[in-house]
Amino acid sequence: MQHNGITPLTSPLTSAISPASERKDPLQAKVDVLNERYRHHSATSVMEAALTDPQAGKLALVSSFGAESVVLLHMAAVVDRSIPVIFVDTEMLFTETLVYQQDVAERLHLDNVQVIRASDATLSAEDPDGTLHQFDTDACCSLRKTRPLQKALRGYDGWITGRKRFQSGTRAALDFFEVEDFTGRIKVNPLAHWAPEDVRAYMEENRLPRHPLVAQGYPSIGCAPCTSPVAEGEDPRSGRWRGQDKDECGIHFVDGKMVRTGEKT
């Protein structure tokens, strides 16, 4: 085929390689293989695959120990109680969350829970009086959660999350496995296809403890200053950063925004 009078040069080698295969990132190719392999599997099977399939690599489970976190933690504990569980203590969490974290870890016999925080020096430099959340929630989330987590995830090939498609429009097309842009890691979402009733049924069937704030009208639980109760009929996440154009804390998007600009330290 000619383009503007110029005939492109070809060889047996270049003609045998499709443009798509030339462009595909190796990490994306691995994710595509995993999604195809486990496309029709259950959440528990995907969790087991994440922890046992060599293709998935070395993974950690990141948990907020929030309203629905115990489901994912229980699934992981059934497969491997020694899985690294990373819990980010922003030092602005509800007391109920801190107590619940210890209770769940003990009940499920999770013996590798890693509690991480921003350093005292960083907090003193960027939020000396603890009021950053009052005028810049994105910066506060980055300081207290996103950056400490990214640092903790160094050395891992990926991490397991409890995200689900029903939680927000930005998660509507979530797959079991996905590439985390700019970090060289994958994310695994075993509960991606679950509905709210699936979560409730699993908790009831396995007699798992509920976060105490759920009964007080908190279906989604983050830091105390930025989380409010949700009225009947409201979106479950409407109590997070109420009144702001924000619905992610930042660990899945940089600084809480849908702009991925790489890892921060």
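Preceding this section is the structure that the text describes.
Residues numbered from 1 in each chain as written. Predicted model: local features only at pLDDT ≥ 70, side-chain atom pairs only at ≥ 80, totals over all residues. Heavy atoms only, no water.

**Quick look at unusual backbone geometry**
At His109, a residue that is not glycine, the phi angle is positive and equals roughly 60°. Assignment of secondary structure puts His109 in the loop between helix H6 (95-107) and strand E3 (113-116). In this structure His109 comes out as partly exposed when scored by relative accessible area, which is 48%. Although it is not a glycine, Phe182 adopts a positive phi angle of roughly 70°. Mapped onto the elements, Phe182 comes out in the loop between strand E5 (177-180) and strand E6 (185-188). A relative accessible area of 60% places Phe182 in the exposed class. (Helix = DSSP H or I, 4+ residues; strand = E, 2+ residues; numbered from the N terminus. Buried < 20%, exposed > 50% of the residue type's maximum accessible area, 1.4 Å probe, protein only.)

**Topic: the nonpolar core**
By size, the foremost hydrophobic cluster in this structure holds 42 residues, and its most contacted members are Leu61, Ile160 and Phe177. Of the residues forming this core, the biggest block, seven residues, is contributed by helix H5 (residues 69-79). Core analysis: the second largest hydrophobic core is formed by nine residues, Ala60, Val62, Ile86 and Trp159 among them. (Core = buried A, V, L, I, M, F, W, Y, C linked by side-chain atoms within 4.5 Å.)

**A closer look at the pairing of E5**
As judged from the four bridges shared by E5 and E6, these two strands associate in the antiparallel manner. Bridge assignment links Glu178 to a residue of E6, and that residue is Lys187. Following E5, the chain reverses through four residues before pairing antiparallel with E6; Phe182 in that reversal takes a positive phi of roughly 70°. (Pairing = 2+ DSSP bridges.)

**As for the packing of helix H4 (residues 43-52) against H5**
For the pair H4 and H5, interaxial distance at closest approach is 9 Å and the crossing angle is 55°. By the criterion of interaxial angle, the relationship of H4 to H5 is oblique. Crossing angle aside, the handedness with which H4 passes H5 is right-handed. Where H4 approaches H5, its residues Ala43, Thr44, Met47, Glu48, Leu51 and Thr52 are matched on the opposing element by Leu72, Met75, Ala76 and Val79. Grouping the constituent residues of the contact of H4 with H5 by class yields seven nonpolar, two polar and one charged. (Axes fitted to C-alpha atoms, helices over the stretch in contact; angles between N-to-C directions. Parallel < 35°, antiparallel > 145°, perpendicular 65-115°, else oblique. Left-handed = near helix turned anticlockwise from the far one by under 90°. Contact = heavy atoms within 4.5 Å. Nonpolar A, V, L, I, M, F, W, Y, C, P; charged D, E, K, R; others polar.)

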